[in-house]
Structure formats: structure tokens, C-alpha cells
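# Descriptive structure summary
Spelled out, the chains give:
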Amino acid sequence: MRQFLKKIAAACVGVATAAALLAPVADARPVVNQGDRVRLDMGLAYGICTVGYVDHARNQIAIARHCVKFPFQQVLDGSGRRIGTVVSFPGWLVSADGPNDFAYATLSGATAGANRFSGNAKVHPNAVRPGERVCSYGATTRREFCGHVTGVRGNMVATSIAGPRHGDSGGPIWIPGRGFVAVTSGGVWKDKKYWMTGSYPELYFGPELLSPVSMDLDQPTTSSNSIPGWYARQLR
């Protein structure tokens, strides 16, 4: 009887072991979330950026264009694991204080995570109201900063938030309760303050591309009503 019980126990162990071996392996791929630090492989060095938006429909992430040095650049996570490839950016239509400072990378070997700060909703700059409360996050500062919208030029949003630190570029800028507005681009100096700017990740053509943003950021404008006045200011 005792030998019989031992055989049954051994058989049970064998079945349990086989079941464990046949069980599906959990997805070990890295998850890429909004606000995560990413590295752009440049061969002998790396560029540092922050994930601004996770586009689940396209399986892509939006970052700042000025973090990218060349097409099809490899994107790594903070641990050095390859998570994707840069697939689109506006090329020369960019300045660190103007529109179009964005790029997209398609994820591969990684899972699209959450837009944990802004949520999935997007707010186009045409719908942004000057004076609205706006917040930002960067992977270097690792904290939220909030201020208000001071102006909109094309797809560029200017804010009263203190300028970002190295590695915060690309991070999300959002309006609480409404959604994502822009990826952190850089800033401009005015009255001894560095005003943070961001780019909505959609290609823009307009007069703002001809010159850096002028210093009248305390006079909010939008792309729909600023073009004649913008030209007038450049001709002064």
C-alpha cells in the first residue's frame, strides 16, 4: 500500500512539472509609459529624452525632434534595452523654440504602456485657451511642474512653466482634466525667465517657421488670428 501511494505522489509531481513547463511564459518585454526616460543610440554616445505621448493605435511614442540625430535611429529604454526605431520626424522644419520639434518612434520588442499624466485624450493647439492651467513632467526632474498657457503659435504652445533640464525634452505637457497638449521642446528667455515651450506632434506649416518666436509671449495669440500681426512684428 505504501509503495502504491509513493507511485501516485510521484505521478502527481510529474504532472505538475509538465504543466509548469507547458504554461505560457509571461510577457517579459519592457513596457513604455509616458514620462519614461529613453536613450537615442548615436553609436559612441546616447541622446537622452522623455516619452511625451504613447500612441496605442499606431504602436508609437512621441518624443522631441531635437533628441534625434538621424533617420531610423535606435531607441533604448533606461536600462539599455532596444524598444523601437525612429520612423518619422519633420527634418529641417524645426527649431528648439518653434513648431515641429517632435518625432515618432515605432515600438518593437516593447509594449505600449499608459499615458499616466495626461490620459489618452489630445487637445489641439487651436483649442487651447490662453491662461489655462498647464503641467509638464520630465524624466530628469522627475516631478510635475505647473503654470499657465501664455501663448500659442501654430502647433507650438508657450507656458509660464520654468524651463526644462537636460533629458526632460520630449516630456508631456498637458492641461489637467482635458488632455495632452505637446511634447516639451525647450524655451525662450523673457524678462530674465526661461519660458517652457512645447510642440504638438503634428506637422505644421506657417509663418512661424520663418523666425524664432518673438518675445511677446505675454500677449497670447493663436494660429487662427495671429498671422497678420506676426508679419507686422517681424517687419518692425
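Placed above this text is the structure.
Residues numbered from 1 in each chain as written. Predicted model: local features only at pLDDT ≥ 70, side-chain atom pairs only at ≥ 80, totals over all residues. Heavy atoms only, no water.

So, about the packing of aromatic side chains. What describes a pair of aromatic rings is the distance from one ring centre to the other and the angle between the planes of the rings. A complete count under the given rule lists 4 aromatic pairs for this structure. Arranged with centres 4.8 Å apart and planes meeting at 40°, the rings of Tyr53 and Phe180 form a pair that is tilted. Pair noted here: Tyr53 is in strand β4 (residues 53-55) and Phe180 is in strand β14 (residues 179-190), with a separation of 127 residues, a long-range link. The exposure classification of Tyr53 matches that of Phe180, with both residues buried. On the basis of an interplanar angle of 20° and a centroid distance of 4.3 Å, the ring pair of Phe117 and Tyr137 is categorised as stacked. (Phe/Tyr/Trp six-rings, centres within 6.5 Å; stacked < 30°, edge-to-face > 60°. Helix = DSSP H or I, 4+ residues; strand = E, 2+ residues; numbered from the N terminus. Buried < 20%, exposed > 50% of the residue type's maximum accessible area, 1.4 Å probe, protein only.)

Within the secondary structure, Arg65 sits in the loop between β5 (60-63) and β6 (74-77). Separated by 23 residues in sequence, Arg65 and Ser88 place their C-alpha atoms 9.3 Å apart. Within polar-contact distance, the side chain of Arg65 engages the backbone oxygen of Val68 at 2.7 Å. (Polar contact = N/O pair within 3.5 Å; in protein donor to acceptor, adjacent residues only side chain to side chain.)

With that out of the way, let us pick up the nonpolar core. Residues Val32, Val38, Leu40, Cys49, Ile61, Ile63 and Val75 are the most contacted members of the largest nonpolar core, which totals 18 residues. No other element matches the 3 residues that strand β8 (residues 103-107) contributes to this core. Excluding anything up to four places from it in sequence, Ile61 contacts Val32, Val51, Tyr53, Val54, Ala103, Tyr104, Ala105 and Leu107. If you look at the next biggest cluster of nonpolar residues, it comprises 12 residues, including Val149, Val152, Val157 and Met196. (Core = buried A, V, L, I, M, F, W, Y, C linked by side-chain atoms within 4.5 Å. Contact = heavy atoms within 4.5 Å.)

Following the criterion strictly, the structure yields 5 salt bridges and no others. A salt bridge links Asp55 to Arg58, with the nearest nitrogen and oxygen atoms 3.2 Å apart. We note a salt bridge from Asp77 to Arg81, for which the minimum N-O separation is 2.8 Å. For Asp77, a relative accessible area of 9% translates into the label buried. What you see here is one network of salt bridges that share partners, running through Arg129, Glu132 and Arg178. (Salt bridge = Lys/Arg side-chain N within 4 Å of Asp/Glu carboxyl O.)

Scanning the entire structure with this criterion turns up 2 disulfides. The disulfide that involves Cys49 links it to Cys67, with 2.2 Å between the sulfurs. Where Cys49 bonds to Cys67 through sulfur, the torsion about that S-S bond is close to 75°, and the disulfide is right-handed. Separated by 18 residues along the polypeptide, Cys49 in strand β3 (residues 46-50) and Cys67 in the loop between β5 and β6 bring together distant segments of the chain. Judged by its relative accessible area of 6%, Cys67 falls in the buried class. Each sulfur of the disulfide joining Cys135 and Cys146 lies 2.0 Å from the other. The sign of the 100° torsion about the S-S bond sets the Cys135-Cys146 disulfide as right-handed. Placement of Cys135 in strand β10 (residues 133-137) and of Cys146 in strand β11 (residues 144-153) is noted, with a sequence separation of 11 residues between them. Owing to a relative accessible area of 33%, Cys146 belongs among the partly exposed residues under this scheme. (Disulfide = S-S within 2.5 Å.)

A separate point is the pairing of β5. Along any regular strand the residues' side chains alternate between the sheet's two faces. Taking every second residue as pointing to the same face, both faces of β5 are buried, with Gln60 and Ala62 on one and Ile61 and Ile63 on the other. Across 3 bridges, the pairing between β4 and β5 is antiparallel. Residue pairing for β5: Asp55 is matched across the bridge by Gln60. Once β4 ends, the chain turns through 4 residues before running back antiparallel as β5, passing Asn59 with a positive phi of about 55°. As paired strands, β5 and β8 are joined by 4 bridges and run antiparallel to one another. From the neighbouring strand, Ile63 faces β8, where its bridge partner is Ala103. (Pairing = 2+ DSSP bridges.)

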